[in-house]
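Chain and residue survey
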Amino acid sequence: MNRIVYVNGKYLPEEEASVSIFDRGFLFADGVYEVTSVLEGKLIDFPGHLRRLARSLNELGMAKPCSDEELLEIHRQLVAQNNLEEGMIYLQVTRGAADRDFVFPKNATPTIVLFTQAKKLRNSPKINLGYKVITVPDLRWKRRDIKTVQLLYPSMAKMEATKAGADDAWLVEDGYITEGTSNNAYIVQSTGDIVTRNLSNDILHGITRASLLEFASAEGVRVVQRPFTVDEALEAEEAFITAASLFVAPVVEIDGKPIGSGKPGPVVSTLREIYLTKAMEKAI
Ligand code: PDD
């Protein structure tokens, strides 16, 4: 790979980019991130990602490394310099490098890193097959609303899913599904209602979720925001997940049991089309 990446003010070939071994992102997972998708060389849902980044930084008392205008310019430069047509841009901000101490350093300079990942998102084969998920206990920390880089448990859960022959895991707490390892979770009931967990510290406030719910409501789809159980999901007509990395994608199986017909259904397919059409109209 010969990517040009961005690190602390510089565009560099990836092999020349580095950060300090004292960086608090490395030592304490003291960092936050965003993933923005790119379609036809354009940024999808970008203002939402900027807003959530500002919120994550604020919740952790971290300095903003640069202005929103500069962030947009960096994203655009990386798209241009890497000829990125379709894929993702990963952005990470950490509190910066300081001698190891649990107490936050007073005047560390934030570290900012961005890189591109080329990937077919729109015509991914998984869209036709649907995702198979297993359920695992949600053992993450209690501030899942902050998009931090402490992703070890989601990574372990995904490994467990892979070992079980599934694609992903849905996390369960107190009998209710919180979300997927790296996506928000939904069911479609026989009434046509979409059910997805309400926003709180229990889940990440997905940007794709926010846009989809807005677009779907405008189309007259009824959305109910409340926790739902694994049993409810098994009785649902359809189920799906959303994230910047997959937009809206069908879930066809939970713990080896089929949902509805066991195949991607029409409601999810329509929601995916609505999302892609409207999100492309707003892409920048
Ligand atoms: N993950 N929930 C969790 C735990 C996530 O990690 C993500 C995103 C989402 C969906 O958020 P959004 O719609 O803003 O992408 C929900 C990204 C894509 C990742 O970690 O790669």
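Residues numbered from 1 in each chain as written. Predicted model: local features only at pLDDT ≥ 70, side-chain atom pairs only at ≥ 80, totals over all residues. Heavy atoms only, no water.

**Description of the site of the ligand**
- Taken together, 19 residues sit near the ligand, with Tyr33, Glu179, Ile207, Thr208 and Ala244 positioned nearest.
- For the ligand, a nitrogen atom lies 3.3 Å from a polar atom in the backbone of Ser182.
- Against a free-state accessible area of 470 Å², the protein chains account for coverage of 89% of the ligand.
- Only strand 3 (31-39), helix 2 (46-59), helix 6 (207-218) and strand 13 (238-243) provide two or more residues apiece to the shell around the ligand.
- Of the residues contributing to the shell around the ligand, the split by class is six nonpolar, nine polar and four charged.
- When residues of the shell around the ligand are assigned to domains, at least three map to each of domain 1 (4-118) and domain 2 (125-282). (Near = heavy atom within 4 Å. Polar contact = N/O pair within 3.5 Å; in protein donor to acceptor, adjacent residues only side chain to side chain. Areas by Shrake-Rupley, 256 points an atom, 1.4 Å probe, with all protein chains shown as cover. Helix = DSSP H or I, 4+ residues; strand = E, 2+ residues; numbered from the N terminus. Nonpolar A, V, L, I, M, F, W, Y, C, P; charged D, E, K, R; others polar. Domains from an automatic or database assignment.)

**Digging into the sheet that holds strand 4 (residues 42-43)**
- Here six strands make up an open sheet; going across it, the order is 2-1-6-5-3-4 and the pairing antiparallel. For this open sheet the edge positions go to strand 2 (10-13) and strand 4, each flanked by a neighbour on one side alone.
- As paired strands, strand 3 and strand 5 (residues 87-94) are joined by eight bridges and run antiparallel to one another. In the strand pairing of strand 5, Tyr33 is matched with Gln92.
- Seen against the sheet, helix 3 (residues 68-81) touches strand 1 (4-7), strand 2, strand 3, strand 4, strand 5 and strand 6 (111-118) and runs at an angle of roughly 35° to strand 6. (Pairing = 2+ DSSP bridges. Contact = heavy atoms within 4.5 Å. Axes fitted to C-alpha atoms, helices over the stretch in contact; angles between N-to-C directions.)

**What to know about the pairing of strand 1**
- Burial along strand 1 is two-sided: Ile4 and Tyr6 facing one way and Val5 and Val7 facing the other are all buried.
- The sheet contact formed by strand 1 and strand 2 spans four bridges and is antiparallel. Pairing of Val7 across the sheet is with Lys10, part of strand 2.
- Connecting strand 1 to the antiparallel partner strand 2 that follows it, the hairpin turn spans two residues, and Asn8 within it adopts a positive phi of roughly 45°.
- Pairing of strand 1 with strand 6, which is carried by two bridges, proceeds in the antiparallel orientation. Each residue of the ladder has a partner; that of Val7, found in strand 6, is Val113. (Buried < 20%, exposed > 50% of the residue type's maximum accessible area, 1.4 Å probe, protein only.)

**Looking at the pattern of salt bridges**
- A complete count under the given rule lists 21 salt bridges for this structure.
- Residue Glu14 pairs with Arg3 through a salt bridge whose shortest N-O separation is 3.0 Å. Placement of the pair is Glu14 in the loop between strand 2 and helix 1 (24-28) and Arg3 in the segment before strand 1, with a sequence separation of 11 residues.
- Residue classification places Arg3 among the buried positions, given a relative accessible area of 19%.
- Among the salt bridges present, the one from Arg140 reaches Glu179, with a minimum N-O distance of 2.9 Å. On the criterion of sequence distance, the pair formed by Arg140 in the loop between strand 7 (131-137) and helix 5 (152-163) and Glu179 in strand 9 (residues 176-180) is long-range, its members being 39 residues apart.
- Through salt bridges with shared partners, a single ionic network connects Asp138, Arg140, Lys142, Arg144, Glu173 and Glu179. (Salt bridge = Lys/Arg side-chain N within 4 Å of Asp/Glu carboxyl O.)

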